[in-house]
Amino acid sequence: MTIEYENLFRVNEPYFDKFRQKFEEVLQSGWFILGKNVKKFESEFAAYNDLKYCLGVASGLDALTISLLALELEKDSDIIVPSNTYIASILSIILAGHNPILVEPDLNTYNINPALIEESITKRTKAIMVVHLYGKPCDMDPIVEICRKYNLFLIEDCAQAHGAKYKGKIVGGFGDLSGFSFYPTKNLGCLGDGGAIVTNNDELHKKTEMLRNYGSGKKYHNELIGLNSRLDEIQAAFLIVKLEYLDLINMHKRELASLYLSNLKEDFIKPAIHDDFFDVYHIFNIRHKKRDELKEYLKKNNIQTEIHYPVPPHKQKALSFLSHLKFPVSDEIHNTTLSLPVSTIHTRDDIYRVIDLMNKF
Ligand SMILES: *Cc1c(COP(=O)(O)O)cnc(C)c1O
């Protein structure tokens with residue numbers, strides 16, 4: 001039998017009865033935008049993250065874009081962002097009217113290398129956007145210190161890291177504003193698009209709240225140039241159901257990851273583990289020189305894998321203005337990384353089957 005990389009029917013199947021009940025409730029209420037489900041989810045997800053505020057928005061990309069807009073920075077400010085990320089982090093900076101300044105990752109953690117940030121800071125630098133890639137938190141202490149030293153805003157892209165912790169503190173609370181995505185494949189995924197912005201800052205929260213709704217605080221009174229980016233009632237209702245299981249989802253993925261970590265042979269470069277980093281393994285990747293051959297070998301043996309990501313942002317056609325820059329660490333990761341099955345649909349036996357095959361490669 002094929003071991004799929006992911007299966008969104010089976011991921012959501014355990015919640016179908018509860019989803020049907022929620023759907024019926026929303027249908028009967030006749031209230032579909034910014035109602036009591038969005039409010040309830042916002043208060044529960046804020047509490048989950050140990051923060052004062054959560055604001056539901058339409059997507060992870062919007063969560064990041066709106067966060068940057070709320071800072072009301074001078075146009076064309078420089079924003080530092082990792083060169084090794086999903087393109088959405090970089091797009092949000094461009095959409096908000098600023099310049100992405102790419103900084104190389106650490107080859108062990110795949111996250112932004114704090115030691116390389118300071119050399120990229122200029123007078124035009126106004127903020128750092130960190131990305132907790134694959135569900136592993138960034139090394140936050142030195143980054144928070146740099147933000148303090150240079151008076152920079154800090155935005156966290158938590159789209160892959162719901163529930164991840166750095167030195168015991170949950171991600172999302174290190175930055176001025178943090179963005180989450182509830183795209184169906186994420187650790188906390190809805191049944192469509194969704195996102196959220198979390199913060200402890202009253203003023204920034206108020207601004208983001210206006211920005212998601214046409215820049216309006218009071219109906220038909222518009223204070224800012226805003227967007228239409230609201231989380232649907234129906235998605236919020238589904239998210240209320242799933243949030244209760246987020247810790248179990250994360251524990252399941254961590255358990256599967258631990259099997260890979262202790263049983264895969266040394267030929268494969270495994271993700272770094274450290275007591276300071278509570279990784280939620282949105283993605284479990286390994287690296288190997290013969291990545292494409294390995295992927296093909298696993299496919300022939302009925303094991304599906306993915307590549308996150310095959311093309312780095314600076315080599316994307318859309319970002320051709322970055323193509324003259326060199327990011328060899330990022331290139332190395334993109335050329336060698338392979339994502340292995342690590343979903344709630346997988347059992348320990350599935351993972352042992354992947355391991356056995358990989359160890360024979
Ligand atoms: C998924 C993702 C996003 C964007 O989220 P959407 O909800 O798809 O807009 C942003 N950053 C990272 C790192 C992501 O993985």
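Let me begin by describing the structure that accompanies this report. (Residues numbered from 1 in each chain as written. Predicted model: local features only at pLDDT ≥ 70, side-chain atom pairs only at ≥ 80, totals over all residues. Heavy atoms only, no water.)

## Side note on the environment of D275
Cut-off, in case you're wondering: Put simply, DSSP H or I for four residues or longer makes a helix, DSSP E for two residues or longer makes a strand, and each gets a number counted from the N terminus.
In this fold, D275 is placed in the loop between α9 (246–263) and β12 (277–278). Separated by 109 residues in sequence, D275 and Y166 have C-alpha atoms that sit 8.8 Å apart.

## Examining the packing of helix α4 (residues 60–70) against helix α7 (residues 202–211)
Angle between the axes and distance between the axes: these two values describe a pair of packed helices. We apply this condition: Where helices are involved, their axes are fitted lines through C-alpha atoms of the stretch in contact, as for all axes, and angles between N-to-C directions lie from 0 to 180°. Any angle that falls under 35 degrees is termed roughly parallel, while one over 145 is termed roughly antiparallel, one within 65 to 115 roughly perpendicular, and all others oblique. It is the rotation of the near helix from the far one that decides the hand of a crossing: anticlockwise by less than a right angle makes it left-handed, clockwise makes it right-handed. Here, residues are in contact when the closest pair of their heavy atoms is within 4.5 Å. Classification convention: Asp, Glu, Lys, Arg as charged; Ala, Val, Leu, Ile, Met, Phe, Trp, Tyr, Cys, Pro as nonpolar; all other residues, Gly among them, as polar.
It is the contact of α4 with α7, at a shortest axis distance of 9 Å, that shows an interaxial angle of 125°. As the angle between them shows, α4 and α7 are arranged oblique. For the pair α4 and α7, the crossing hand works out as right-handed. Here I66, L69 and A70 of α4 come into contact with α7, specifically with L204, K207, T208 and L211. Of the residues contributing to the contact of α4 with α7, the split by class is 5 nonpolar, 1 polar and 1 charged.

## Section: the nonpolar core
Spelled out, the test is: Definition used in this section: a nonpolar core is a set of buried Ala, Val, Leu, Ile, Met, Phe, Trp, Tyr and Cys residues joined via side-chain atoms within 4.5 Å. We call a residue buried when its accessible area falls under 20% of the maximum for its residue type, exposed when it is over 50%, and partly exposed in between, using a 1.4 Å probe and counting protein chains only.
Membership of the largest hydrophobic core comes to 26 residues, with the highest contact counts inside it found for L68, L71, I79, M129, I155, L177 and I197. Secondary structure elements with two or more residues in this core: β1 (53–57), α4, β2 (78–82), α5 (87–95), β4 (125–131) and α7. The greatest single-element share of this core, amounting to 5 residues, is contributed by α4. Once residues within four sequence positions are removed from consideration, I155 is found in contact with L64, S67, L68, L71, I128, M129, V130 and L177. Grouped together as the second largest cluster of nonpolar side chains are 25 residues, A46, C158, F182 and I240 included.

## Considering the pattern of salt bridges
Heads up, the condition is: In what follows, salt bridge is the name for a side-chain nitrogen of Lys or Arg lying within 4 Å of a carboxyl oxygen of Asp or Glu.
On inspection of all chains with the given rule, the structure shows 17 salt bridges. One salt bridge connects D202 with K52, and the closest N-O pair in it is separated by 3.1 Å. Residue D202 is found in helix α7, and its partner K52 is found in the loop between α3 (36–48) and β1; the two are separated by 150 residues along the sequence. Using a relative accessible area of 35% as the deciding quantity, one classes D202 as partly exposed.

## A closer look at the layout of surface pockets
Here is the rule we go by: Of the two site types, the cavity is a set of points on a 1 Å grid over the protein atoms alone where a 1.4 Å probe fits but cannot get out, and the pocket is an open set with protein on both sides within 12 Å along at least five of seven lines, each lined by residues with an atom within 4 Å of a point. Grid points are joined across faces, edges and corners, and a volume is the space filled by probe spheres set on the points.
Here the largest pocket is characterised by a volume of approximately 600 Å³. No other element matches α5, which puts 4 residues into the lining of the largest pocket. Partitioning the lining of the largest pocket into residue classes produces 14 nonpolar, 11 polar and 6 charged. Taken as a whole, the second largest pocket encloses approximately 440 Å³ of empty space. If you trace the second largest pocket, you find 17 residues lining it, with L34, N213, S216, G217 and K219 closest to the centre. At the level of secondary structure, the elements contributing two or more residues to the lining of the second largest pocket comprise α3, α7 and β10 (216–218). Residue classes in the lining of the second largest pocket are distributed as 5 nonpolar, 5 polar and 7 charged.

Everything listed is a geometric property; what it means functionally is a separate question.
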